[in-house]
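Observations on the model geometry
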Amino acid sequence: EVQLQASGGGLVQPGGSLTLSCAASGFTFGSAAMTWVRQAPGKGPECISIITSRGDDTYSIDSVKGRFTISRDNAKNTLYLQMNSLKPEDTGVYYCAGSDGRAYWGKGTQVTVSS
């Protein structure tokens, strides 16, 4: 069974940092481009960062560029999101997702940025 379990969320003050992880299994992780998707309260899902299957190229939306870094360790079947300089508007549920020819959607982790 395909599993994509995001973890590492929590409550953090503005300006703080968090590192999210996504443990993947049940599909060919090393052949899959991966993304982080977030859903803010009352909003639809938003793809915020993408990484190629080999981890040799990345993309992030402007609102997180320079603050968030997506990375992966294919030997560990794990996706990461390093989040720095967090803002209240970063609050939401963060999911990992990707495709190796099929599309997969993970279980999310809550990030709350508040003083």
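Okay, so let's go over this structure. (Residues numbered from 1 in each chain as written. Predicted model: local features only at pLDDT ≥ 70, side-chain atom pairs only at ≥ 80, totals over all residues. Heavy atoms only, no water.)

Notes on the overall build of the chain
Across its full length, the chain holds zero helices and eleven strands. Reading the chain from its N end, one meets helices and strands in the order β-β-β-β-β-β-β-β-β-β-β. For 115 residues, the compact-globule formula gives about 13 Å, and the C-alpha radius of gyration of the chain, at 13 Å, lands near that figure. Principal-axis analysis of the C-alpha atoms gives the chain an extent of 40 × 25 × 25 Å. (Helix = DSSP H or I, 4+ residues; strand = E, 2+ residues; numbered from the N terminus. Rg over C-alpha atoms; globule rule 2.2 N^0.38 Å.)

Regarding the state of the cysteines
A full pass over the atoms with the stated rule returns one disulfide. A sulfur-sulfur separation of 1.8 Å characterises the disulfide bridge that pairs Cys22 with Cys96. Here the disulfide of Cys22 and Cys96 is right-handed, its torsion about the S-S bond being about 50°. Of this pair, Cys22 sits in strand β3 (residues 18–25) while Cys96 sits in strand β9 (residues 92–99), and the two are 74 residues apart along the sequence. Assessed through its relative accessible area of 0%, Cys22 is described here as buried. For Cys96, a relative accessible area of 0% gives the class buried. (Disulfide = S-S within 2.5 Å. Buried < 20%, exposed > 50% of the residue type's maximum accessible area, 1.4 Å probe, protein only.)

Considering the nonpolar core
Grouped together as the largest cluster of nonpolar side chains are 27 residues, with contacts concentrated most on Trp36, Leu79, Leu81, Met83 and Tyr94. Looking at this core, the elements with two or more residues in it are β1 (3–7), β3, β4 (33–39), β5 (45–51), β7 (68–73), β8 (78–83), β9 and β11 (109–113). Top contributing element to this core by residue count: β3, with four residues. (Core = buried A, V, L, I, M, F, W, Y, C linked by side-chain atoms within 4.5 Å.)

Side note on the side chain of Arg67
The topology assignment puts Arg67 in the loop between β6 (58–60) and β7. Polar side-chain contacts of Arg67 include one of 2.8 Å to the backbone oxygen of Ser63. A distance of 3.0 Å separates a polar side-chain atom of Arg67 from the backbone oxygen of Ser85. Once residues lying within four places of it in the same chain are set aside, the contact partners of Arg67 are Gln82, Met83, Asn84, Ser85, Leu86, Lys87 and Asp90. (Polar contact = N/O pair within 3.5 Å; in protein donor to acceptor, adjacent residues only side chain to side chain. Contact = heavy atoms within 4.5 Å.)

Some thoughts on the pairing of β8
Pairing analysis gives six bridges linking β3 to β8, with the strands arranged antiparallel. Looking at the pairing, Leu18 lines up with Met83 of β8. Direction of pairing for β7 relative to β8: antiparallel, over a ladder of six bridges. Bridging from a neighbouring strand, Asp73 pairs with Thr78 of β8. (Pairing = 2+ DSSP bridges.)

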